[in-house]
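Here's the letter readout for the chains.
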Amino acid sequence: MNVTGNRDKESRKHCKNSGWPQKDSAEHEEYAGALTGSGITENNITNADRPEDGLLEEILTPSNLNQAYKRVKKNKGAGGVDGMQVEYLLQYLKDNGDKIRQTIKDGKYRPQPVLRVEIPKEGGKKRKLGIPTAVDRVIQQAIAQVLTPIYEPQFLRHSYGFRPRRSTHDAIRACQKNIRDGYKYVVDMDLEKFFDTVNQSKLIEILSRKR
């Protein structure tokens, strides 16, 4: 019992330095033998200090990467073009985590193409979706976790789409309040293929204004 405890302690210490997911204590017995030499488990690390070097360093902190991994693992989802399912992420990050982090730091990391799928819409139409690989989803999630608190306050309080802690029900309640306040008209707009037509250069230029 003491040996296992010491082994887990050393594994957690190594994982904290490497910056890849630690596993929950309830799962130690199942994975301990496979993980102790690799620095990858599935526990959250919650005591990492905020780095002073910049956003990239903050994105790559152990606590942020661990949180991103657990979020992707919880959401599950289909595999991307490489066919890797979420349940195989742990082993892959164990083998390749340090290399991935270094290529990101060096500016050499390139996401893989997304897997194109179609889902049915009303009227017989289909909506095209792009599914990133499981690894790319972890990196995207890690980036979003750092950037969202920076940019979220700039959004209008009346917008509800794709925002944290806001839902369709919140939008409906806001509409009901507008009705009670005497408003009589609703304008419903849908920009077709909006995300396919976003000017990426302009978007980056707008985002770069926020320091």
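The following paragraphs examine the structure supplied in this document. Just so you know, these numbers come straight off a predicted model, no measurement behind them.

Right, let's talk about the packing of helix 4 (residues 62-75) against helix 5 (residues 89-105) for a bit. For the pair helix 4 and helix 5, the least separation of the axes is 13 Å and the interaxial angle reads 145°. As for how helix 4 packs across helix 5, the hand of that crossing is right-handed. Facing helix 4, whose interface residues are L65, Y69 and V72, helix 5 presents L89, L90, L93 and R101. Class assignment of the residues belonging to the contact of helix 4 with helix 5 gives a composition of 6 nonpolar, no polar and 1 charged.

A cluster of nonpolar side chains, F162, L191, F194 and F195, forms an exposed patch at the surface whose accessible area comes to about 560 Å². Within the secondary structure, F162 sits in the loop between helix 6 (134-151) and helix 7 (168-180).

Residue placement: E57 occurs in helix 3 (residues 55-59). Judged by relative accessible area, E57 falls into the partly exposed class, the value being 33%. Considering only alpha carbons, one finds E57 and I104, 47 residues apart in sequence, at a separation of 10.0 Å.

This part is about helix 5. Between the first and last C-alpha of helix 5 there are merely 21 Å, a value that for 17 residues lags more than 12% behind the 24 Å anticipated at 1.5 Å per step. Of all the bends found along helix 5, the most pronounced is centred on N96 and spans about 65°. Backbone geometry just downstream of helix 5 places G107 in the positive-phi region, at approximately 75°.

As a further point, take the environment of Y88. You can see Y88 is positioned in the loop between helix 4 and helix 5. A relative accessible area of 53% means that Y88 is categorised as exposed. Each C-alpha atom, one on Y88 and one on A134, is 9.0 Å from the other, the two residues being 46 residues apart in sequence.

So, on to the packing of aromatic side chains. Tallied over the entire structure, the rule returns 2 aromatic pairs. Aromatic pair F162 and F195: ring centres 6.1 Å apart, planes at 90°, arrangement edge-to-face. Residue F162 is found in the loop between helix 6 and helix 7, and its partner F195 is found in helix 8 (residues 194-197); the two are separated by 33 residues along the sequence. There is no split in this pair, since F162 and F195 are both exposed. Relative to F195, the ring of F194 has its centre 5.2 Å away and its plane inclined at 70°; by these criteria the two rings are edge-to-face. Linked through ring pairs, F162, F194 and F195 together constitute an aromatic cluster.

Using the criterion set out here, one finds 6 salt bridges in the structure. A salt bridge links D170 to R173, with the shortest nitrogen-to-oxygen separation between them at 2.6 Å. Of the two residues, D170 and R173 are both situated in helix 7; the distance of 3 residues between them amounts to about one turn of the helix. What makes D170 partly exposed here is its relative accessible area of 22%. Across the pair K202 and E205 runs a salt bridge, and its minimum N-O distance is 3.4 Å.

Conventions adopted
Counting of residues starts from 1 at the beginning of each chain's written sequence and follows it residue by residue. Local features are withheld for residues below a pLDDT of 70 in this predicted model, meaning they are given only at 70 or higher, and side-chain atom pairs are given and counted only at 80 or more; totals for whole chains, interfaces and linings count all residues. With hydrogens and water excluded, all non-hydrogen atoms of the structure serve as input to the side-chain values. To obtain an axis, a line is fitted to C-alpha atoms, over the contacting stretch when the element is a helix, and the angle between two such axes runs from 0 to 180 degrees between their N-to-C directions. Each helix is a run of DSSP H or I of at least 4 residues and each strand a run of E of at least 2, with the numbering of both proceeding from the N terminus. A crossing counts as left-handed when the near helix is turned anticlockwise from the far one by less than a right angle, and as right-handed when that turn is clockwise. Here a residue-residue contact requires only that any non-hydrogen atoms of the pair lie within 4.5 Å. Following the grouping adopted for this structure description, the nonpolar residues are Ala, Val, Leu, Ile, Met, Phe, Trp, Tyr, Cys and Pro, the charged ones are Asp, Glu, Lys and Arg, and the polar ones are all others, Gly among them. Patches here are clusters of residues that have more than 30% relative accessible area and form no salt bridge, with a 9 Å joining cutoff for like charges and a 5 Å cutoff for nonpolar side chains (Val, Leu, Ile, Met, Phe, Trp, Tyr). Residue burial considers only the protein chains on display, and all accessible areas are found by Shrake-Rupley using a 1.4 Å probe. Here a salt bridge means any side-chain nitrogen of Lys or Arg lying within 4 Å of a carboxyl oxygen belonging to Asp or Glu. Buried means the residue's accessible area, taken with a 1.4 Å probe over protein chains only, is under 20% of the maximum for its type, while exposed means over 50%, and partly exposed covers the values in between. Expected span of a helix: the number of residues minus one, times 1.5 Å. Bend, in this description, refers to the angle at a residue between axes fitted to the seven residues ending there and the seven starting there. Each aromatic pair joins two rings of Phe, Tyr and Trp (for Trp, the six-membered one) with centres within 6.5 Å, and gets the label stacked for planes under 30 degrees apart, edge-to-face for over 60, and tilted for any other angle.

As far as function goes, none of this settles anything; it's purely spatial.
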